[in-house]
Amino acid sequence: MTIQQLEYLIAVDKHRHFGHAAESCFVTQPTLSAQLGKLEKELGVILFDRSKMPVIPTEIGVQIIAQAKKVVSESKGIFELVAQLKGDISGTIKLAIIPTLAPYLLHLFIRKFLEKYPNVKLEVQEMVTEEIVKRLKNDELDLGIVVTPLEENGIVEKPMFYEKFYAYLSKNHPLLQEKEIRPSQIKSEDLWILQQGHCFRDQVINFCDQASSGHKNFHYESGSLEGLKNMVNRYQGMTLLPELATHELSEEEKGRLRPFAGTAPTREVSIILNRSFLKQKLVELLYREISEAIPHEMTSKAHGKIVRFK
């Protein structure tokens, strides 16, 4: 049994197709198939049901694939350990950030981080929390930046900062007369929210106690905060924005922000990683760089009241 065979095994499970798996591993399909055949012969079991398309792992194959992922991950950790002992700041970080954070957070730290550590390659994707957690557990990602707490088995959470929520109102909105807004003043037919799958949607619904949103004769849910802001600017109504999303508003737009009465509703933003992740030095450096880029007052948990998922 070799690490390479286990990598082929994981690739076929991921792509559910021998040809596509071979392409991802940069080998020919006959080579990959031959190596998996040798592995099956050595183990004395069939790992994939080849009669189905897409191919699927057998019952025992599912268990062996899970173990193979652990073995491959641990084997890569040897190189990471050696690099850390040598003080070598290099390697690749596969990072995912939720869409309600990425446009407002990345530019605050990315250039400085890469200038400090030119031998680090940072691969960044936007995706929703559920997908980030799934890929972390499958070792397809190294780190995620999401809203916590998640309390997922096997996932470590490192809180970095805390974002208040603000109400963003349309021009001439009646609530502009208020200095602060109470959740009870928000009407569901007046509120624009993100589409399903976004954790910020769940937090807004939880905080406002709204089952749904939508105007009397028009329903719209956006996949981005920018889309919600545009609807407020050009139509009517209101939406909720997290703190970083308010920093680059125009002065006129900032004049239409309102805080909430009492303890501010707040979301906790964390780096999350698989418990077995071994690039600890890179995690520490990235954590430090982001924390230093965030306004100091946002790094305190006393910033506001944490709004959890429903």
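Okay, so let's go over this structure.

Each value, and the rule that gives it
- Residues numbered from 1 in each chain as written.
- Predicted model: local features only at pLDDT ≥ 70, side-chain atom pairs only at ≥ 80, totals over all residues.
- Heavy atoms only, no water.
- Helix = DSSP H or I, 4+ residues; strand = E, 2+ residues; numbered from the N terminus.
- Buried < 20%, exposed > 50% of the residue type's maximum accessible area, 1.4 Å probe, protein only.
- Core = buried A, V, L, I, M, F, W, Y, C linked by side-chain atoms within 4.5 Å.
- Contact = heavy atoms within 4.5 Å.
- Pairing = 2+ DSSP bridges.
- Polar contact = N/O pair within 3.5 Å; in protein donor to acceptor, adjacent residues only side chain to side chain.
- Salt bridge = Lys/Arg side-chain N within 4 Å of Asp/Glu carboxyl O.
- 1 Å grid on protein atoms, 1.4 Å probe; cavity = no way out; pocket = protein on both sides within 12 Å on 5 of 7 lines; lining within 4 Å.
- Points joined across faces, edges and corners; volume = space filled by probe spheres on them.
- Lys, Arg positive; Asp, Glu negative; His and termini not counted.
- Patch = residues over 30% accessible without salt bridge, like charges linked within 9 Å, V, L, I, M, F, W, Y side chains within 5 Å.
- Areas by Shrake-Rupley, 256 points an atom, 1.4 Å probe, with all protein chains shown as cover.
- Axes fitted to C-alpha atoms, helices over the stretch in contact; angles between N-to-C directions.
- Parallel < 35°, antiparallel > 145°, perpendicular 65-115°, else oblique.
- Left-handed = near helix turned anticlockwise from the far one by under 90°.
- Nonpolar A, V, L, I, M, F, W, Y, C, P; charged D, E, K, R; others polar.

1. With respect to unusual backbone geometry
- For the peptide bond that leads from Met53 to Pro54, omega is 5°, which places it in the cis range.
- Put simply, Thr148 and Pro149 share a cis peptide bond, and its omega is 10°.
- Its place among the elements puts Pro149 in the loop between β5 (143–148) and β6 (155–169).
- Even without being glycine, Phe26 reaches a positive phi, approximately 60°.
- With respect to the secondary-structure elements, Phe26 resides in the loop between α2 (18–25) and α3 (29–43).
- You can call Phe26 exposed: its relative accessible area is 76%.
- The backbone phi angle of Glu151 is positive, close to 55°, even though this residue is not glycine.

2. So, the nonpolar core
- Counting 51 residues, the largest nonpolar core has Ile132, Ile145, Phe161 and Ile290 as the members making the most contacts within it.
- What Ile145 contacts, discounting residues up to four positions off in sequence, is Leu95, Ala96, Ile97, Ile98, Leu101, Leu105, Ile132, Met160, Val269, Ser270, Ile271 and Ile290.
- Core analysis: the second largest hydrophobic core is formed by 19 residues, Leu6, Val45, Phe48 and Ala68 among them.

3. A look at the pairing of β5
- Within β5, six of the six residues are buried, which leaves the element mostly enclosed by the surrounding structure.
- In this structure, strand β3 (residues 91–97) lies alongside β5, joined through three bridges in parallel fashion. The residue of β5 that forms the bridge with Ala96 is Gly144.
- Summarising the sheet, β5 and strand β11 (residues 265–274) pair through six bridges and their orientation is antiparallel. If you follow Ile145 over to β11, its bridge partner there is Ile271.

4. Comments concerning the side chain of Asp142
- Along the chain, Asp142 turns up in the loop between α6 (129–137) and β5.
- Looking at Asp142, its side chain comes within polar contact range of the main-chain nitrogen of Lys94, at 2.8 Å.

5. Some words on the pattern of salt bridges
- All chains considered together, the criterion is met by eleven salt bridges.
- Residues Arg16 and Asp13 are paired through a salt bridge, measuring 3.1 Å at the closest nitrogen-oxygen approach.
- Look at Arg16 and you get partly exposed, because its relative accessible area is 29%.
- The closest approach of N and O atoms between Glu152 and Lys137, which form a salt bridge, is 2.8 Å. Here the residue Glu152 occupies a position in the loop between β5 and β6, and Lys137 occupies one in helix α6, the gap between them amounting to 15 residues.
- Judged by relative accessible area, which is 32%, Glu152 ranks as partly exposed.

6. Considering the layout of surface pockets
- Here the largest pocket defines a volume of roughly 1,000 Å³.
- Lining the largest pocket are 34 residues, with Val72, Lys76, Lys94, Asp139 and Glu140 sitting closest to its centre.
- Breaking the lining of the largest pocket down by element, the ones donating at least two residues are α1 (3–15), α2, α4 (59–86), β3, β4 (120–126) and α6.
- Of all the elements, α1 adds the most residues to the lining of the largest pocket, at eight residues.

7. Topic: the side chain of Arg258
- Counting through the fold element by element, Arg258 comes out in strand β10 (residues 257–258).
- No salt bridge is formed by the buried Arg258, whose closest oppositely charged neighbour, Glu178, lies at an N-O distance of 8.1 Å.
- A distance of 2.8 Å separates a polar side-chain atom of Arg258 from the backbone oxygen of Leu176.
- Polar contacts involving the side chain of Arg258 include one to the main-chain carbonyl oxygen of Glu178, which spans 2.7 Å.

8. Brief notes about a nonpolar patch on the surface
- A cluster of nonpolar side chains, Ile78, Phe79 and Val82, forms an exposed patch at the surface whose accessible area comes to about 330 Å².
- With respect to the helices, strands and loops of the structure, Phe79 is situated in helix α4.

9. As for the packing of helix α5 (residues 102–116) against helix α10 (residues 280–293)
- In the contact formed by α5 and α10, the axes pass within 9 Å of each other and the chain directions differ by 130°. Compared by their axis directions, α5 and α10 come out oblique. The two elements α5 and α10 meet at a crossing, and its hand is right-handed. Contacts between α5 and α10 involve Leu105, Leu108, Phe109, Lys112, Phe113 and Lys116 from the former and Leu285, Leu286, Glu289, Ile290, Glu292 and Ala293 from the latter.
- Looking at side-chain class alone, the contact of α5 with α10 contains eight nonpolar, no polar and four charged residues.

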